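# Commentary on secondary and tertiary structure
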Amino acid sequence: MQKIQTASAKLAGYVDSYVSQLALMIAEADLRRDLEHDNAIVEKDALISTTKAKLKVFKADNRILRAQLNKSQDMQFGQSSEKVTKKRKKKGDGDADPMGVEPNCDNPNSGGSEGQAKTDEPKPRGMLGRQAITIPDHIPRDETPISPPNGSVCQCGCGITQIGEETIERLTYVPAQLRVIKERYSKYVCRTCDKFVQAPVPKRAFEQTRFDDRLIAGLAVSKFADYMPNYRQEQIFMRSGVKLHRSTMGRLMDQAVDALLPLYDVLNDDLKSSSKLLMDETTLAQLMPGTGKTKTCFVWALCRDDRRWKGNAHPGVAFHFKQSRKGEHAEEILRGFSGTLQVDGYAGYNRLTRADRVGGPIELAYCWAHVRRKFLDVYKATKSDQAHRAFTMINEIYDIERDLKGQPADVRRAVRQVESAPLVSKLQEFLMQLVGQIAMKSTLGQAISYTLKLWDGLVVFLSDGCVEMDNNAVENTIRPIALLRKNALFAELEIGGRNWAVMASLNGTCRLNGVEPYAYLTWVFEQMAKEHPLSKYDQLLPWHCPNGKFGIE
C-alpha cells in the first residue's frame, strides 16, 4: 500500500493533467482495496496516504494554474519590457554563479543586474521635457509678410528703413478635403471635310469608374496603413456630405488589388532571391457566410531586413493569407528560396529542412527572444533562482549584440566567436546540469526542454554574421496586421484576406524604406496608366519610388 501511494505522489508532481489524474485514480483505487479490510489501522493508513496523494495532485495543479494566471495578468496589465528587478545579495553570498562565472563589475548589464541599465541615473528628457520639433523642407510653406501698424512711416512722421527681418515658423494643419475633378471636352467639327474632333480621355489605372485613382490610393492607405476600417471611413465621408458606402470601398479595394497582384508577385520573388529571410505568422478571423460566425485563419509574414549588418538588399515584407497554420503553407510560400530562415520554435517549419525538398533543405535559425521569454515567465511565476540565472546569462549575450548593431557581417561573426560563443557554451552547460536536478515536467523544466530542443538552430548566429539573435524584425512588421485586426475584427471573405495581405505588404515595405505610402501608390497607378510593361515591374517596387522619400523609418 505504501509503495503505491508513494508512486502516486511522485506521479502527482508532474504538471501534465493526464498524469496527475492518473495518480489520483491509482490512489483512490488503492484506498478502496484497503478499505475492504476489517483492520482499522490499515484503513486509517490508507486514508491518510490517499489524502496526501490527493493533496499533492491539487498542489501540482494549483502551481500550474497560478503560473498561467500570473502570465495572463502580466500580458494584460504588466510592462512589455523583458526586464526584472535587481536582486539584492544576502550577507555571506559569494560573487560567483553556479557555473563559476564571475560577474563583470564594470558592466551594469551583467552579473545580478539582469540586463538592466543603471537605475540611479535619470534618463535625459530633452529640453526640460520638451522635444525639439523639426519641420522638414518638403512641407509647403505659406509666407505671410507682417508689417508694422503704421506701414513704412514712423510715429514721428519720418520714413523708416528696413534693416532685417525675423522669421517665425509654426506647423499648422489643413483638414482633408474632397474635391471633384470636372473635365470639359470641347467638340469640334470641320465644315469642309465634315470631320469630328475631340480630345481623348486621359488613361487611368482604373477605367469605367467615377472615382479617381488618387481616391482609391487614399482609401487603401487609410485602411491598411492607418488601420481605419471601411465603416469609419464611411462616417468621415458623410461629414462632408458624400455617401460612399463601405461595400463600394470593398469593390474598389478588389479592383486595386487585382491591378497590384503582379507587383506583389515581383516583391515576393525579390525577397526569395535573398540568402537569409525571417518568417512568422499571426491569426486573422474570416467570416463564415450564412453562419454569423468566424473561423481562425493565418497571415504569414516573409521579411528581409539586412540593415543591421549593412547588407545591400532593400528591406521588405510580404504577407500571405492562408486558411490554416499547417507547415505546408510555409513550404508553398518559400518555394524557390534557399538559404537561412529565422523563425520561432513552431514545428511546422521543420518540413523545410528535409533533404528531398525541392531546391534543397533550408537552414533554420531560431529566436533567442522566445527562449529568454520562457525563463522570464518562469521567474515571474515561481521566483526561481535557476530561471533568473538563465535569463541573466541570455541578457549578457544580448549586451554583446547591441554593440554589434550596424557592423559588417564579418565583424559580427568574428566578435561572436570570441565573446558570445563562450557565454553560449556556459549557458548550455548550466542547463544540462539542471536537467538532472529538477523535474522536467515543471515550468522550469519545460523552458529548459524548449531551449535544448532548439539548440542547433539557436547557435546558428555564432557562425553567420548575417543572422540575428531573434526574429523581432519580422514581428515588428506584423504589428500593423494586429492593429487592423483589432479595428476591423475580421475579413469578410477569402478575397478580403487576400486584399489585407497584398496591401499590407506594399504599405509595410514602404514603411521599412521610409517611403510615404500615398505618394507611392499614386506613383504606381500613374505608371500603370502609362502602360508600364509587366516585365519591368521590378522597377515599381517601393525603394524605386522617386516621390515621398521623407518618411521616418
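Scroll up a little and you will see the structure.
These notes cover the structure that comes with them. Since we're looking at a predicted model, the values are computed, not measured. (Residues numbered from 1 in each chain as written. Predicted model: local features only at pLDDT ≥ 70, side-chain atom pairs only at ≥ 80, totals over all residues. Heavy atoms only, no water.)

## Description of the overall build of the protein chain
When you go through the protein chain residue by residue, the secondary structure sums to 16 helices and seven strands. Burial statistics for the protein chain: of 553 residues in total, 39% are counted as buried. Here the analysis covers contacts within the protein chain between residues at least 6 apart in sequence; of these, 66% occur between residues at least 24 apart. When the accessible surface of the protein chain is totalled, it reaches about 33,600 Å², and 52% of it is carbon and sulfur. (Helix = DSSP H or I, 4+ residues; strand = E, 2+ residues; numbered from the N terminus. Buried < 20%, exposed > 50% of the residue type's maximum accessible area, 1.4 Å probe, protein only. Contact = heavy atoms within 4.5 Å. Areas by Shrake-Rupley, 256 points an atom, 1.4 Å probe, with all protein chains shown as cover.)

## A word on the packing of aromatic side chains
Given two aromatic rings, their pairing is described by the distance between the two centres and the angle made by the two planes. Evaluation of the coordinates by the stated rule reveals six aromatic pairs. The interplanar angle of 80° and the centroid separation of 4.9 Å between the aromatic rings of F206 and F525 together place this pair among those described as edge-to-face. Taken together, the residues F206 in the loop between β2 (196–198) and α4 (213–224) and F525 in helix α16 (residues 517–529) connect sequence positions 319 residues apart. By the burial criterion, F206 is buried, and F525 matches it. When the ring of Y520 is compared with that of W523, the centres are 6.1 Å apart and the planes differ by 45°; the resulting orientation is tilted. On the criterion of helical spacing, the pair formed by Y520 and W523 is a turn pair, its members being three residues apart in helix α16. For the pair formed by Y520 and W523, the shared burial category is buried. These aromatic residues form a ring-pair network of at least three members: W300, Y346 and Y349. Above the face of the Y346 ring, R325 is positioned so that its terminal group lies 3.8 Å from the ring centre. Positioned above the aromatic ring of Y398 is the side chain of R372, whose terminal nitrogen or guanidinium carbon lies 4.2 Å from the ring centre. (Phe/Tyr/Trp six-rings, centres within 6.5 Å; stacked < 30°, edge-to-face > 60°. Lys NZ or Arg CZ within 6 Å of the ring centre and 35° of its normal.)

## A few points about the layout of surface pockets
Taken as a whole, the largest pocket encloses approximately 1,800 Å³ of empty space. Lining the largest pocket are 40 residues, with Q177, L178, R179, R214 and L215 positioned closest to its centre. For the lining of the largest pocket, the secondary-structure elements that each account for two or more residues are α4, α5 (230–239) and α16. Per element, the largest residue contribution to the lining of the largest pocket is seven residues, and it comes from α4. Residues that form the lining of the largest pocket fall into these classes: 21 nonpolar, seven polar and twelve charged. (1 Å grid on protein atoms, 1.4 Å probe; cavity = no way out; pocket = protein on both sides within 12 Å on 5 of 7 lines; lining within 4 Å. Points joined across faces, edges and corners; volume = space filled by probe spheres on them. Nonpolar A, V, L, I, M, F, W, Y, C, P; charged D, E, K, R; others polar.)

## Some points on the sheet that holds strand β3 (residues 276–288)
The five strands are arranged β5-β4-β3-β6-β7 in an open sheet whose pairing can be described as mixed. The sheet is open, and its two borders are formed by β5 (316–322) and β7 (363–365), each paired with just one other strand. Direction aside, the axes of adjacent strands within the sheet are offset by 30° on average. By the bridge criterion, three bridges tie strand β6 (residues 340–342) to β7 in an arrangement that is parallel. Looking across to β7, one finds that Q342 is bridged to A365. Across the sheet, helix α14 (residues 472–488) lies against β3, β4 (293–304) and β5, angled at about 15° from β3, the strand it touches most. (Pairing = 2+ DSSP bridges. Axes fitted to C-alpha atoms, helices over the stretch in contact; angles between N-to-C directions.)

## Some points on the pattern of salt bridges
Counting across every chain of the model gives 17 salt bridges. We note a salt bridge from R351 to E331, for which the minimum N-O separation is 2.8 Å. With R351 in the loop between β6 and β7 and E331 in helix α7 (residues 327–333), the pair connects residues that are 20 residues apart, well separated along the chain. What emerges from the salt-bridge pattern is a single network uniting E331, R351, R354 and D356. (Salt bridge = Lys/Arg side-chain N within 4 Å of Asp/Glu carboxyl O.)

## Focus: the pairing of β4
Bridge analysis of β3 against β4 gives eleven bridges, and the strand direction is antiparallel. Bridging across to β4, L284 finds its partner in C297. Connecting β3 to the antiparallel partner β4 that follows it, the hairpin turn spans four residues, and G290 within it adopts a positive phi of roughly 85°. Where β4 lies against β5, seven bridges are found, and the strand directions are antiparallel. Bridge pairing in β5 links F298 to K322.

## Concerning the pairing of β5
Counting buried positions over the seven residues of β5 gives seven, a clear majority of the element. Neither face of β5 is left uncovered, since the one carrying G316, A318, H320 and K322 and the one carrying V317, F319 and F321 both have all their residues buried.

## Quick notes on a positive patch on the surface
A cluster of basic residues, K52, K56, K59 and R63, forms a positive patch on the protein surface. Mapped onto the secondary structure, R63 falls in helix α3 (residues 40–77). (Patch = residues over 30% accessible without salt bridge, like charges linked within 9 Å, V, L, I, M, F, W, Y side chains within 5 Å. Lys, Arg positive; Asp, Glu negative; His and termini not counted. Charge placed at Lys NZ, Arg CZ, Asp CG, Glu CD.)

## Side note on the packing of helix α9 (residues 385–403) against helix α10 (residues 409–435)
Between α9 and α10, whose axes approach to 10 Å, the crossing angle comes to 170°. Judged by the inter-axis angle, α9 sits roughly antiparallel to α10. Residues Q386, R389, A390, M393, I394, E396, I397, I400 and E401 of α9 form the contact with α10, whose participating residues are V415, R416, E419, S420, L423, V424, K426, L427, F430, L431 and L434. Grouping the amino acids of the contact of α9 with α10 by side-chain chemistry returns twelve nonpolar, two polar and six charged. (Parallel < 35°, antiparallel > 145°, perpendicular 65-115°, else oblique.)

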